[in-house]
Amino acid sequence: MAPTDSPPRPIVVSGPSGSGKSTLLKRLFAAYPDRFGFSVSHTTRGPRDGEEDGVAYYFTTKEEFQRLVAEDAFIEHATFGSNSYGTSVQAVKTVAEKGRTCILDIEMEGVKQVKKNSSLNARFLFLQPPSMEVLEQRLRGRATDKEDAILQRLAQAKNELEFAKTPGVHDQIIVNDDLEKAWKEFEAFCVPEKAAQ
Ligand SMILES: Nc1ncnc2c1ncn2[C@@H]1O[C@H](COP(=O)(O)OP(=O)(O)OP(=O)(O)O)[C@@H](O)[C@H]1O
């Protein structure tokens, strides 16, 4: 990155479970290995063998984690079992400071949080399934979830699709019908000079 360039704006990718976020992001990282990055999360769990602080996670104490929550330092955070995990605003900025476009793959509540934090200057992309029927077929076809998890994902998808209709929430909505067509649109959003070609 030339010194005069401003840091790349983070990209928030959201969309219902099964809308194709992982599929398209995998392709993006494969096509542009040095251009994008994920933020490093905080966690209160202890490091496993070979996990380096600041690389795998930022390892923090429960007290420190609570302090960060109180300071509104997290875009999103959650507790699983006895361990907490969170994405901090600073972790996203750190990726941008290294000259990479930070990708945030988050759900609706996280999107709302990022929207509240204008200092992140993020761009918002929503992946929309062609229909609820197709979404259901894809979730079943993926064969990674049990029946109750699929039903839960479909119920949540309705909320996400409703929220996405709010004017101005997303900079772009891509309907993931034909994968090649969706990829072209996705690539053009994430790599703007591609769109200009
Ligand atoms: N355009 C498409 N046409 C057909 N199948 C697709 C298309 N896009 C994605 N799929 C398939 O749909 C399933 C769900 O996609 P994927 O796992 O990428 O969704 P996701 O949004 O990352 O879900 P989650 O939020 O649960 O991780 C996968 O099996 C994937 O191969």
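A few points on the structure. (Residues numbered from 1 in each chain as written. Predicted model: local features only at pLDDT ≥ 70, side-chain atom pairs only at ≥ 80, totals over all residues. Heavy atoms only, no water.)

**Comments concerning the overall build of the protein chain**
Item 1. Secondary structure summary: the protein chain contains 8 helices and 9 strands in total.
Item 2. Taking 16 Å as the expected radius of gyration for a compact globule of 197 residues, we find that the protein chain reaches 18 Å, a close match to that expectation.
Item 3. With respect to the principal axes defined by its C-alpha atoms, the protein chain has extents near 50 × 45 × 35 Å.
Item 4. Split into buried and exposed, the 197 residues of the protein chain put 41% on the buried side.
Item 5. The contacts of the protein chain with a sequence gap of at least 6 include a subset with a gap of at least 24, amounting to 66%.
Item 6. For the protein chain, the accessible area works out to roughly 11,100 Å², and carbon and sulfur atoms hold 51% of it.
Item 7. Taken together, the 26 basic and 29 acidic charged side chains of the protein chain have centroids lying 2 Å from each other. (Helix = DSSP H or I, 4+ residues; strand = E, 2+ residues; numbered from the N terminus. Rg over C-alpha atoms; globule rule 2.2 N^0.38 Å. Buried < 20%, exposed > 50% of the residue type's maximum accessible area, 1.4 Å probe, protein only. Contact = heavy atoms within 4.5 Å. Areas by Shrake-Rupley, 256 points an atom, 1.4 Å probe, with all protein chains shown as cover. Lys, Arg positive; Asp, Glu negative; His and termini not counted. Charge placed at Lys NZ, Arg CZ, Asp CG, Glu CD.)

**As for the sheet that holds strand 4 (residues 58–59)**
In sheet architecture, strand pairing relies on hydrogen bonds along the backbone and comes in two forms, parallel and antiparallel.
Item 1. Strands sit in the order 4-3-6-5 across an open sheet of 4 strands; the sheet is mixed. Of all strands in the sheet, those with a lone pairing partner are strand 4 and strand 5 (74–80), marking the two edges.
Item 2. Examined bridge by bridge, strand 5 and strand 6 (residues 83–88) share 6 bridges and lie antiparallel to one another. Bridging across to strand 6, Phe74 finds its partner in Ser88.
Item 3. In the packing of helix 2 (residues 62–70) onto the sheet, contacts are made with strand 3 (42–43), strand 5 and strand 6, and the angle to strand 5 comes to roughly 140°. (Pairing = 2+ DSSP bridges. Axes fitted to C-alpha atoms, helices over the stretch in contact; angles between N-to-C directions.)

**Some words on helix 4 (residues 108–116)**
Owing to its 3.6 residues per turn, the α-helix aligns residues three or four sequence positions apart on the same side.
Item 1. What helix 4 keeps buried is the set Met108, Gly110, Val111 and Val114. All buried residues of helix 4 lie within an arc of 155° about the axis, which places them on one face of the element.
Item 2. On the buried face of helix 4, the contacting elements are strand 1 (11–14), strand 5, strand 8 (123–128) and helix 6 (147–164). (Arc of directions from axis to C-beta.)

**Side note on the site of the ligand**
Item 1. Within the structure, the ligand sits among 14 residues, and Ser17, Lys21, Ser22, Thr23 and Asn176 are positioned closest to it.
Item 2. Residue Ser22 places a side-chain N or O atom 2.5 Å away from an oxygen atom belonging to the ligand.
Item 3. At 3.4 Å from a nitrogen atom of the ligand is found a main-chain nitrogen or oxygen belonging to Leu179.
Item 4. Look at the ligand: alone it shows 640 Å² of surface, and the protein chains cover 72% of it.
Item 5. Broken down by secondary-structure element, the contributors of at least two residues to the shell around the ligand are helix 1 (21–31) and helix 5 (132–142).
Item 6. Per-element accounting of the shell around the ligand gives the leading share, 3 residues, to helix 1.
Item 7. Here the shell around the ligand is composed, by residue class, of 2 nonpolar, 7 polar and 5 charged. (Near = heavy atom within 4 Å. Polar contact = N/O pair within 3.5 Å; in protein donor to acceptor, adjacent residues only side chain to side chain. Nonpolar A, V, L, I, M, F, W, Y, C, P; charged D, E, K, R; others polar.)

**Digging into unusual backbone geometry**
Item 1. The phi angle at Asp72 is positive, at roughly 65°, despite the residue not being glycine.
Item 2. Structurally, the position occupied by Asp72 is in the loop between helix 2 and strand 5.

**Re helix 3 (residues 89–97)**
Item 1. For helix 3, the set of buried residues is Val89, Ala91, Val92, Thr94, Val95 and Ala96.
Item 2. In this structure, the buried side of helix 3 is in contact with strand 2 (36–37), strand 4, strand 5, strand 6 and strand 7 (101–105).
Item 3. Positive phi appears at Gly99, one or two residues downstream of helix 3, with a value of about 85°.

All quantities given are derived from atomic positions and should not be read as evidence of function.
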